[in-house]
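Topology and contacts: notes
Spelled out from the first residue to the last, the chains are:
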Amino acid sequence: MKKLQTFLVLILFAGGLACSKSKNEEKPVSPPDPPVTEEVSLQKKLPFPFGAAVNINLLKNNSAYREVVTTEFNSLTAETAMKTATLHPQQNTFNWTDADYLIEFARQNNKRIHGHTLIWHQSLPSWITNFQGDAAAWEDLFKTHIQTIVSHFKGKVVSWDVVNEAFDDDGTLRNSLWLQKLGPDYIARAFQYAHEADPDALLFYNDYGHEYGPTKRTAILNMVNDLKSRSIPVNGIGLQMHTRYTMADNNLANAINTAAQTGLKVHISELDIAMNPDNNQNLTFTASLADQQAQKYKFIVKTYNAIPKSQQFGITTWNVSDADSWIPGNYNRPDWPLPFDNAYKKKPAYQGILDGAK
Ligand code: XIL
């Protein structure tokens, strides 16, 4: 009986709706809402964080750039704002302005910040290259530099490239100022000092050329495994992966998979795919090249997506678009290495990245 009553009530209600609908139809018809299209962005579609290296001036002053950064990426690395020459221009002067702008942008827009970089042979201000002091004074400079910076960003920067590019391509330690003044175990001490200043930060060793072949890669992996075995606080390996469209898939896969075999987190930290590695001043970017680039991006993303989830720290491209890529300026040639073109429009490489994660 109860069921029958409910049934009747529903019939009446539906009838009422039908009546009110026909009444409504007498009113002027307003234009239909546009179809709801699902917003596509790298940060929404990829199953791991997807980031870019950003330039603070462009972020402040170029609205197309800022729009792409805001929409597409959920992890950001400062292209130069957290390097030594910018952050620590004199012994007792730290310049946080640009880096703090990025931190605030990230807080407002819900982005992760990866810190780059504490110890590197480049971006050294003259007060460091000219520094005179004994071993203890150098150690103090080194420790103070690392700990002042890591402490400033504690709780705001989730991870650091603690040491960047410490190896030469032949697998020996680069003869940097740090090696000369501090000895070969400076790498381990850099991680310890950083960890003391922020025990929650994830600490990475970052370098390029893992995809060149086994020589440099093995030296890096051995060093990192040695740190692990000594309980030095290292959490991840950064593969810069400034690569080229002609790089063999097998080399790229070996770089990613051998890094994952350490059990550490793997960050593809500075990805770009050069299309003009032979420095041809007259090259144009054809549809065929764009497609080959898309295939290479797809392969890298697909391979990365197959390593264990817990090790996928993310993929970061080095810069945002072909307009702001460091490659043309650094190598003095035309090039188109990134998934956005000179007008910040999506290239076939963008779809290649999405396809890699399917
Ligand atoms: C580059 C910047 O993009 C350039 O603007 C700057 O002149 C030099 O450094 N490996 C790294 C990055 O770890 O910090 C470098 O960035 C690119 C190579």
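As the structure is a computational prediction, the values presented were derived from the model and not from experiment.

**Structural notes on the site of the ligand**
- In the region of the ligand, the neighbouring residues are Glu79, Lys83, His116, Trp120, Asn164, Glu165, Gln240, His242, Glu270, Trp318 and Trp326.
- Interatomic distance of 3.0 Å between a side-chain N/O atom of Asn164 and an oxygen atom of the ligand.
- Classifying every residue of the shell around the ligand gives three nonpolar, four polar and four charged.

**Re the environment of His121**
- Tracing the sequence through the fold places His121 in the loop between β3 (112–119) and α7 (126–129).
- A sequence separation of 43 residues divides His121 from Asn164, and the C-alpha atoms of the two residues are 7.9 Å apart.
- Excluding anything up to four places from it in sequence, His121 contacts Glu165, Arg174, Ser176 and Trp178.
- Looking at His121, its side chain comes within polar contact range of the side chain of Arg174, at 3.4 Å.

**Details of the packing of aromatic side chains**
- The full count for this structure, using the stated rule, is 18 aromatic pairs.
- Summarising the aromatic geometry, the rings of Phe167 and Tyr205 are spaced 6.2 Å apart at their centres and angled 90° between planes, so their arrangement reads as edge-to-face. Here Tyr205 lies in strand β5 (residues 202–207) and Phe167 lies in the loop between β4 (159–164) and α9 (177–182), a separation of 38 residues in the sequence.
- Here Lys216 stacks its cationic end above the ring of Tyr208, 3.4 Å away from the centre of that ring.

**A word on helix α6 (residues 97–109)**
- Helix length check: α6 (13 residues) gives 18 Å between terminal C-alpha atoms against 18 Å at 1.5 Å per residue, within 8%.
- Along α6, the residues that are buried comprise Ala99, Leu102, Ile103, Phe105 and Ala106. Along α6, the residues classed as buried sweep out an arc of 160° about the axis, all on the same side. Away from the buried face of α6 by more than 90 degrees, exposed residues Thr97, Arg107 and Gln108 are located.

**With respect to the nonpolar core**
- Residues Met82, Phe153, Trp160, Val163, Trp178, Tyr186 and Phe191 are the most contacted members of the largest nonpolar core, which totals 100 residues.
- Considering every element that reaches this core, the biggest residue donor is helix α10 (residues 186–197), with eight residues.

**Quick notes on helix α4 (residues 63–72)**
- Those residues of α4 that fall on the buried side of the exposure criterion are Tyr65, Val68, Val69, Thr71 and Glu72.
- You can read the cap of α4 off the contacts: a side-chain oxygen lies 3.0 Å from the backbone nitrogen of Ala64, and it is on Asn62.

About the cut-offs
Throughout, a residue's number is its position along its own chain's written sequence, starting from 1. Confidence filtering applies because this is a predicted model: local features only for residues at pLDDT of at least 70, side-chain atom pairs given and counted only at 80 or more, and all residues used for totals across whole chains, interfaces and linings. Computation of side-chain values: all heavy atoms of the structure, hydrogens and water removed. Here, proximity means that at least one heavy atom of the residue falls within 4 Å of the molecule or strand. The term polar contact refers here to a pair of N or O atoms within 3.5 Å; inside protein, the definition further demands a hydrogen-donor-capable atom paired with an acceptor-capable atom, and it admits residues adjacent in sequence only when both atoms are side-chain atoms. Here the term charged refers only to Asp, Glu, Lys and Arg, the term nonpolar to Ala, Val, Leu, Ile, Met, Phe, Trp, Tyr, Cys and Pro, and the term polar to all other amino acids, Gly among them. Secondary structure elements follow DSSP: runs of H or I of four or more residues count as helices, runs of E of two or more count as strands, with numbering from the N terminus. In this analysis, two residues are considered to be in contact whenever any of their non-hydrogen atoms come within 4.5 Å of each other. Only Phe, Tyr and Trp rings are paired, with Trp represented by its six-membered ring, and only when their centres lie within 6.5 Å; those with planes under 30 degrees apart are stacked, over 60 edge-to-face, the remainder tilted. Over a ring means this: the NZ of a Lys or the CZ of an Arg is within 6 Å of the ring centre and within 35 degrees of the ring normal. A helix is expected to reach a length of 1.5 Å times the quantity of its residues less one. Throughout this description, buried means an accessible area under 20% of the type-specific maximum (1.4 Å probe, protein chains only), exposed means over 50%, and partly exposed covers the range between. Think of it as the arc spanned by the lines of direction from the helix axis to the C-beta atoms. The nonpolar core is taken to be a set of buried Ala, Val, Leu, Ile, Met, Phe, Trp, Tyr and Cys residues, with the residues joined through side-chain atoms within 4.5 Å.

Nothing here speaks to function; it is all geometry.
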